[in-house]
Amino acid sequence: QVQLVESGGGSVQAGGSLRLSCAASGYSYISYRMAWFRQAPGKEREGVATISTGGVSTYYADSVKGRFTISRDNAANTLYLQMNSLKPEDTAMYYCAAGRYSPYASRDARAYNYWGQGTQVTVSS
């Protein structure tokens with residue numbers, strides 16, 4: 001059973017920072033490309049950041065570029081998202097995802113076949 005468990009969400013003031021973590025188990029973590037998605041009420045699920053299996057190639061949505069950083073520690077089977085300069089529009093449920101052998105682009109949710117249950121991020125101002 002492949003499991004992805006997010007943690008690190010919470011409530012912060014605008015301009016603050018949070019670090020999300022995703023702990024993976026039950027599969028060969030290093031073989032998967034990984035991503036963070038988010039979904040706010042009434043909105044479509046959005047690809048926030050993705051990272052290749054080796055951690056060399058990354059993608060960021062324009063809305064978070066320069067503020068968020070995705071990284072992975074393959075030895076620890078853990079994915080991270082460092083979020084700085086948070087804005088109220090960053091408020092959403094954040095999901096960790098993993099996928100392999102997909103015809104879809106890394107920023108497309110259809111590229112991922114394993115998902116965590118999500119962690120809530122709320123930014124107030």
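This text gives an overview of the structure that appears in the document.

What counts and how
- Residues numbered from 1 in each chain as written.
- Predicted model: local features only at pLDDT ≥ 70, side-chain atom pairs only at ≥ 80, totals over all residues.
- Heavy atoms only, no water.
- Phe/Tyr/Trp six-rings, centres within 6.5 Å; stacked < 30°, edge-to-face > 60°.
- Helix = DSSP H or I, 4+ residues; strand = E, 2+ residues; numbered from the N terminus.
- Buried < 20%, exposed > 50% of the residue type's maximum accessible area, 1.4 Å probe, protein only.
- Disulfide = S-S within 2.5 Å.
- Pairing = 2+ DSSP bridges.
- Axes fitted to C-alpha atoms, helices over the stretch in contact; angles between N-to-C directions.

### Overview of the packing of aromatic side chains
Remark: the centre distance and the inter-plane angle together describe each pair of aromatic rings, the angle taken between the planes.
Okay, so step 1: Summed over all chains, the structure comprises 4 aromatic pairs.
Okay, so step 2: Ring centres 5.9 Å apart and planes at 75 degrees place the aromatic pair tyrosine 32 and tyrosine 114 in the edge-to-face group. Residue tyrosine 32 is located in the loop between β3 (18-25) and β4 (33-39), and its partner tyrosine 114 is located in strand β10 (residues 114-115); the two are separated by 82 residues in the primary sequence.
Okay, so step 3: For tyrosine 32, a relative accessible area of 6% gives the class buried.
Okay, so step 4: Classification of tyrosine 114 by relative accessible area gives partly exposed; the value is 30%.
Okay, so step 5: Taking the centre distance of 6.4 Å and the plane angle of 75 degrees together, the rings of tyrosine 112 and tryptophan 115 count as edge-to-face.
Okay, so step 6: Counting every residue linked through ring pairs, the aromatic cluster contains Phe37, Tyr112 and Trp115.

### Describing the state of the cysteines
Okay, so step 1: Across all of its chains, the model carries 1 disulfide by this definition.
Okay, so step 2: The side chain of cysteine 22 participates in a disulfide bridge whose partner is cysteine 96; the two sulfur atoms lie 2.1 Å from each other. In this structure the cystine formed by cysteine 22 and cysteine 96 twists about its S-S bond by roughly -75 degrees; its chirality is therefore left-handed. Here cysteine 22, found in strand β3, pairs with cysteine 96, found in strand β9 (residues 92-99); they are 74 residues apart in sequence, far enough to count as distant. Considered together, cysteine 22 and cysteine 96 belong to a single accessibility category, that of buried residues.

### Structural notes on the sheet that holds strand β7 (residues 68-73)
Okay, so step 1: Strand order in the open sheet formed by 4 strands is β1-β3-β8-β7, and the pairing between neighbours is antiparallel. Edge positions in the open sheet fall to β1 (3-7) and β7, since each of these has one partner strand only. The mean inter-strand angle of the sheet, taken between neighbouring strand axes irrespective of direction, is 15 degrees.
Okay, so step 2: Relative to β3, β1 runs antiparallel, the two sharing 5 bridges. Bridge pairing links valine 5 to alanine 23 in β3.

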